[in-house]
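Residue-level listing of the chains:
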Amino acid sequence: QVQLVESGGGLVQAGGSLRLSCAASGRTFSSYAMGWFRQAPGKEREFVAALSWSGGNTYYADSVKGRFTISRDNAKNTVYLQMNSLKPEDTAVYYCAAKLTLGITTTPSRYDYWGQGTQVTVSS
């Protein structure tokens, strides 16, 4: 069993920054691929970013490329999402997810464990 706990969400003005954290426990964190997703009210959950177990491979949604950075610290069992130049359309609940098999993916159903989410609200 894997437990994921997100933190770092909040209210920020457009153009501002936030850093989300996702703390993992329960199994060997360093062997997971990790992803961040988000879900706005009335919309489906969408992919934001993912990285491989080593952190060597990353992938971003076009909507956040150049503004968001995903990273991990395997010694701390934590994955991060640094969000810069935030826009009102980035407002959503952000979820981290763990994938126990090799390779990164943008497909939510291929992730095995999910956190409870953290709210990010960007005001205009």
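Now for a quick tour of the structure. (Residues numbered from 1 in each chain as written. Predicted model: local features only at pLDDT ≥ 70, side-chain atom pairs only at ≥ 80, totals over all residues. Heavy atoms only, no water.)

**Details of the pattern of salt bridges**
Part 1 of the argument: Scanning the entire structure with this criterion turns up four salt bridges.
Part 2 of the argument: A salt bridge links Asp-90 to Arg-38, with the nearest nitrogen and oxygen atoms 2.9 Å apart. Here Arg-38 lies in strand 4 (residues 33-39) and Asp-90 lies in the loop between strand 8 (78-83) and strand 9 (92-99), a separation of 52 residues in the sequence.
Part 3 of the argument: When the shortest N-O distance is used, the salt bridge between Asp-62 and Lys-65 registers 3.1 Å.
Part 4 of the argument: Using a relative accessible area of 67% as the deciding quantity, one classes Asp-62 as exposed. (Salt bridge = Lys/Arg side-chain N within 4 Å of Asp/Glu carboxyl O. Helix = DSSP H or I, 4+ residues; strand = E, 2+ residues; numbered from the N terminus. Buried < 20%, exposed > 50% of the residue type's maximum accessible area, 1.4 Å probe, protein only.)

**Brief notes about unusual backbone geometry**
Part 1 of the argument: Positive phi, normally seen in glycine, also occurs at Asn-77, with a value near 50°.
Part 2 of the argument: Judged by relative accessible area, Asn-77 falls into the partly exposed class, the value being 27%.
Part 3 of the argument: Despite not being glycine, Ser-85 has its phi angle at roughly 50°, a positive value.

**Here's the deal with the sheet that holds strand 8**
Part 1 of the argument: The sheet built from four strands is open, its strands ordered 1-3-8-7 with antiparallel pairing. The open sheet terminates on both sides in strands that have one partner only, identified here as strand 1 (3-7) and strand 7 (68-73). Across the sheet, the mean angle from the axis of one strand to that of its neighbour is 15°, orientation sign disregarded. (Pairing = 2+ DSSP bridges. Axes fitted to C-alpha atoms, helices over the stretch in contact; angles between N-to-C directions.)

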